[in-house]
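Breakdown of the fold
Letter by letter, the chains look like this.
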Amino acid sequence: MAEFFLELFSEEIPASLQRNLREKLLDEFQEFFLKKTIKSKKSFSLSTPNRLVIVFQGLEKEIKTLSTEIRGPKTGSPEQAIEGFIRSNRIEKKDLFKKTIEKGEFYFFKTKSESLKTHDLLVEFIPKLLESYQWKKSMKWGEYNLNWGRPLKSILSVFDKKMIDFKFHHLTSSNSTFIDKDYEDKKKIFKDFKSYEKFLKKIGTIIDQNKRRKKINQEFLKILDKKKLRISDNLKLLDEVVNLVDNPNILLCSFDKKFLSIPKEILILTMQSHQKYFPTFNIKNEITNEFLIVANKKDQKGLIKIGNERVVGARLSDAEFFWNKDKSQNLVKKVSELKLMNFFNGLGTYFDKVQRMRKLAGIVSDELLISKEKVELSASISKTDLTSDLVGEFPELQGVMGGYFAAHQGFDKDISLAISEQYLPIGLESKTPKKPYSVALSASDKIDTLVVFFGVDEKPSSSKDPFALRRLALGIIRIAIENKKDLKVNDLLIYSSNLYQGQGYSFTNKNLQKELNNFLKDRFRYYLKEKQIRFDIIDALLSSFSLNNLFSSFEKAKSLNKIINTQMGMDIYSIFKRAANILDSEVKNYEIEISNTTDPGIFKTDYELSLFKKIGEIKKYYSSINNDENFEQTLSILAGAKKEVFEFFDNVQVNEDNETLRKNRLELINMLCKTFQNFINFQLLKSE
């Protein structure tokens, strides 16, 4: 058994590219060894900004291939086919023999068993793998033709303590690497991974990203516990920072307390997104003027801390200036400035958009029974923060800043909150607006954007969604469901389309409403899957479904999903399936045309009458409910028909010789099936 050890040393590779490289190359090597039936005991990949390491331990040094029979052309085939088979397999005609199998007599030849050395296979495979790796972003440098994430400087490649010698573009592999990324004249030979990791640790480099993460978390906890502070859970930022350093050292820094008067979102964004720092919060969840940074070396003289504090101070000074300038600029007066801001090429301005949003939000306000005047006002000023310097500097804060500006200028609390939440939700797990005015503004914004982009055929493709329309559609669905409101989404889509065209614009998409319905239906399917609704229940629900009933449709699917594997669920399923199967069979066999009329006057048994009465009770229940249907109660009522249904089938002959009686009984069964299908298309449910 031997060890294979590969290190690629380059200029600093960005965190996201580094992670992809680490995972992809390991997968490719694992697949290669599996294909060659070369066994190993352990494999892993590690990385720092400069180093990518692949290690396989307990690897077989050589493998012996077994002799196998390779089938060639059928005997009697043209000579050309036989000669081609001989050439492609590098054999001679004398090596062929005939053999009869199921499909006839064929030419075969037998391969020889041979020993293959893992070292030799790697010499051939490694350059091919490196050449085939697809970067999301790559570069060329100097006069070299190599495309790589960042300039590749050296390749260390060792198997069984011996160098694997190969060429890759301008580089020749070796058993040495640079030991100091800043001084490339310092190199050292390594024969195995253990000595390599031990040496790097000695000079302060932690090659294992998981160990770096552990060290960072431990140091964070020490400082935070001592200061009685906490940081928010930001796994994405932590992942990035782990891959930006190889010798993590944690520093607690601070900025002037005067900046705490700035909205906390600005402080957080400045530190997290722009500087990769970790803001801290006190026990009351209030942001403090202290923050944590992960430096890439020890701060012996305190200069790293001073430098980072200066950077944050400068950025926050700019933010403070913009905040003080923007917060007092009258939002109503700034609405006219939106006429100078294009919404999208050919789609008018943001002023046009807010006019449409005003009318859409007004319609939603009628459904939510809230003030139309307040909703329309919130829509009118909802985009004015786009004209501010603050949003120009921090585009991620659009909407949020508008909410702060509105609150500062004394607008109603409902209005300022609606503006700050207009872009929510931004994903499947993010916060959803709950207040009625926020719901109205967020829904109208999303519906308008969705309609407009679909209208000009700027739709998502299978792999691309540049305008995040899938996210918008999911947001509409979540707003309706999580606020327990059957918003008239389909009606709003039609109204939105009319508003846009009423402004003098025209749509190129002639199938707009159909495509929007299918798109939102598909997003609703996705939402149901994420909520663990059974696939057959989803299909049954969506076979007859309206976008105007998103919430009630979800509740219906959830209720059925909850009981489908219980006795009640099995009773409902068995009732419908037994009835539907008999109905389908008899109608087909006797070519009977169902007219949806049942005559109780010609019933011959009490069982028929009893079933007829039970169906009548269920129909009466359905006629008594409005938009407040209790779906669990409905399912219980459907399951309650089991006695009458089974007694009917157990005691009544449906395929009666008398054609009139037979048809009447089939009409009764058809009435039962249709009554059940008021709830959902039970025909599409599957037995489990």
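Note that the structure is a prediction, hence the values are computed from the model and not measured.

This next bit is on the overall build of the chain. Within the chain one finds 25 helices and 17 strands. Based on the C-alpha atoms only, the size of the chain along its principal axes is roughly 105 × 95 × 55 Å. Sequence-distant contacts, at least 24 apart, represent 69% of the contacts inside the chain between residues at least 6 apart. Of the accessible surface of the chain, which amounts to about 35600 Å², a share of 48% is contributed by carbon and sulfur atoms. The distance from the centre of the 114 positive side-chain charges to the centre of the 94 negative ones in the chain is 5 Å.

A cis geometry characterises the amide bond from Leu 424 onward to Pro 425, with omega recorded as -5°. Mapped onto the elements of the fold, Pro 425 is located in the loop between helix H14 (413–420) and helix H15 (436–455). Phi angles above zero are rare outside glycine, and Lys 161 is one such case at about 70°. Assignment of secondary structure puts Lys 161 in the loop between strand S9 (152–159) and strand S10 (162–163). Here the phi dihedral of Asp 457 falls at roughly 60°; this positive angle occurs in a residue that is not glycine. By the secondary structure assignment, Asp 457 is in the loop between H15 and helix H16 (469–482).

Our next topic: the sheet that holds strand S5 (residues 69–74). Taken together, the three strands give an open sheet; going across it, the order is S5-S7-S6, and neighbouring strands pair in antiparallel fashion. Edge positions in the sheet fall to S5 and strand S6 (97–101), since each has one partner strand and no second. Mean inter-strand twist for the sheet, computed between neighbouring axes without regard to direction, equals 45°. Pairing of S5 with strand S7 (residues 104–110) involves four bridges; the strand directions are antiparallel. Among the inter-strand pairings, Ile 70 is bridged to a residue of S7, identified as Phe 109. Lying over the sheet, helix H2 (residues 79–88) contacts S5 and S7, oriented at roughly 160° with respect to S5.

This next bit is on the packing of helix H20 (residues 550–563) against helix H23 (residues 631–639). Taken N-terminus to C-terminus, the directions of H20 and H23 make an angle of 50°; their axes are 9 Å apart at the nearest point. By the angle between their axes, H20 is oblique relative to H23. As H20 runs across H23, the sense of the crossing is right-handed. Together, Ser 552, Glu 555, Lys 556, Ser 559, Leu 560, Lys 562 and Ile 563 of H20 and Phe 631, Glu 632 and Leu 635 of H23 make up the contact between the two elements.

Before going further, it helps to examine the packing of H15 against helix H18 (residues 512–530). The interhelical angle for the contact between H15 and H18, taken along N-to-C directions, is 125°, at an axis separation of 10 Å. Viewed along their axes, H15 and H18 adopt a mutual orientation that is oblique. Considering only the axes of H15 and H18, their crossing is right-handed. Packed against H15, whose contacting residues are Leu 450, Val 451, Phe 454 and Gly 455, the element H18 presents Leu 512, Glu 515, Leu 516, Phe 519 and Leu 520 at the interface. Residues that form the contact of H15 with H18 fall into these classes: seven nonpolar, one polar and one charged.

Okay, the side chain of Gln 422 next. As for its position among the elements, Gln 422 is in the loop between H14 and H15. By relative accessible area, which is 0% here, Gln 422 ends up buried. When neighbours within four sequence positions are excluded, Gln 422 is seen to be in contact with Ser 382, Lys 383, Gly 399, Leu 441, Ser 442, Asp 445 and Lys 446.

Once that is clear, we can look at a positive patch on the surface. Judged by side-chain charge, Lys 188, Lys 194, Lys 198 and Lys 202 come together as a positively charged surface patch. With three residues, helix H4 (residues 193–202) is the largest single contributor of residues to the positive patch. As for its position among the elements, Lys 202 is in helix H4. The class of Lys 202 is exposed, set by a relative accessible area of 73%.

For the coordinates displayed, the defined rule picks out 41 salt bridges. Glu 421 is the partner of Lys 431 in a salt bridge, and the nearest nitrogen-oxygen pair spans 3.0 Å. Here the residue Lys 431 occupies a position in the loop between H14 and H15, and Glu 421 occupies one in the loop between H14 and H15, the gap between them amounting to 10 residues. Overall, Lys 431 belongs to the exposed group, its relative accessible area being 53%. Take Glu 421: its relative accessible area is 6%, and that puts it in the buried class. Of the charged contacts, one joins Glu 656 and Arg 665 as a salt bridge, the two residues approaching to 3.4 Å between their closest N and O atoms. The class of Glu 656 is partly exposed, set by a relative accessible area of 22%. With relative accessibility at 4%, the residue Arg 665 sits in the buried group. Among the ionic contacts, a cluster of salt bridges with common partners joins Lys 353, Arg 356, Lys 383, Asp 445 and Asp 448.

Take helix H22 (residues 606–624) next. Helical geometry: 3.6 residues make up each α-helical turn, so side chains three or four residues apart lie on a common side. For H22, spanning 19 residues, the distance from its first C-alpha to its last is 27 Å, which sits close to the expected 27 Å at 1.5 Å a residue. Taken together, the buried positions of H22 are Glu 608, Leu 611, Lys 614, Ile 615, Ile 618, Tyr 621 and Tyr 622. Viewed along the axis of H22, the buried residues span an arc of 150°, placing them on a single side of the element. Of the exposed residues in H22, those oriented more than 90 degrees away from the buried face are Asp 606, Lys 613, Lys 620, Ser 623 and Ser 624. Residues of H22 that are buried make contact with H23, helix H24 (642–651) and helix H25 (659–676).

Let us look at the environment of Ile 101. Structurally, the position occupied by Ile 101 is in strand S6. Residue Ile 101 is classed as partly exposed on the basis of its relative accessible area, which comes to 28%. Ignoring any residue separated from it by four or fewer positions in sequence, one finds Ile 101 in contact with Arg 71, Phe 106 and Phe 108.

Let us now look at helix H3 (residues 118–132). Along its 15 residues, H3 runs 21 Å from first to last C-alpha, staying within 8% of the 21 Å computed at 1.5 Å per residue. Of all the bends in H3, the greatest reaches close to 30° and is centred on Phe 125; the proline Pro 127 follows between one and four positions later. Burial in H3 covers these residues: Thr 118, Leu 121, Leu 122, Phe 125, Ile 126, Pro 127, Leu 129 and Leu 130.

One pass over the structure, following the stated rule, counts 46 aromatic pairs. For the ring pair Phe 343 and Tyr 350, a centre distance of 5.3 Å and an interplane angle of 80° mean the geometry is edge-to-face. Here the aromatic cluster, defined as three or more aromatic residues joined through ring pairs, consists of Phe 4, Phe 29, Phe 32, Phe 33, Phe 56 and Phe 125. Lys 187 extends its terminal NZ or CZ atom over the ring of Phe 178, reaching a point 4.8 Å from the ring centre. We note Lys 339 situated over the ring of Phe 351; from NZ or CZ to the ring centre the distance is 4.8 Å.

Parameters at a glance
Residues numbered from 1 in each chain as written. Predicted model: local features only at pLDDT ≥ 70, side-chain atom pairs only at ≥ 80, totals over all residues. Heavy atoms only, no water. Helix = DSSP H or I, 4+ residues; strand = E, 2+ residues; numbered from the N terminus. Contact = heavy atoms within 4.5 Å. Areas by Shrake-Rupley, 256 points an atom, 1.4 Å probe, with all protein chains shown as cover. Lys, Arg positive; Asp, Glu negative; His and termini not counted. Charge placed at Lys NZ, Arg CZ, Asp CG, Glu CD. Pairing = 2+ DSSP bridges. Axes fitted to C-alpha atoms, helices over the stretch in contact; angles between N-to-C directions. Parallel < 35°, antiparallel > 145°, perpendicular 65-115°, else oblique. Left-handed = near helix turned anticlockwise from the far one by under 90°. Nonpolar A, V, L, I, M, F, W, Y, C, P; charged D, E, K, R; others polar. Buried < 20%, exposed > 50% of the residue type's maximum accessible area, 1.4 Å probe, protein only. Patch = residues over 30% accessible without salt bridge, like charges linked within 9 Å, V, L, I, M, F, W, Y side chains within 5 Å. Salt bridge = Lys/Arg side-chain N within 4 Å of Asp/Glu carboxyl O. Expected span 1.5 Å × (residues − 1). Arc of directions from axis to C-beta. Bend = angle between axes of the 7 residues up to and from the residue. Phe/Tyr/Trp six-rings, centres within 6.5 Å; stacked < 30°, edge-to-face > 60°. Lys NZ or Arg CZ within 6 Å of the ring centre and 35° of its normal.

Take it as geometry only, folks, not as evidence of what the structure does.
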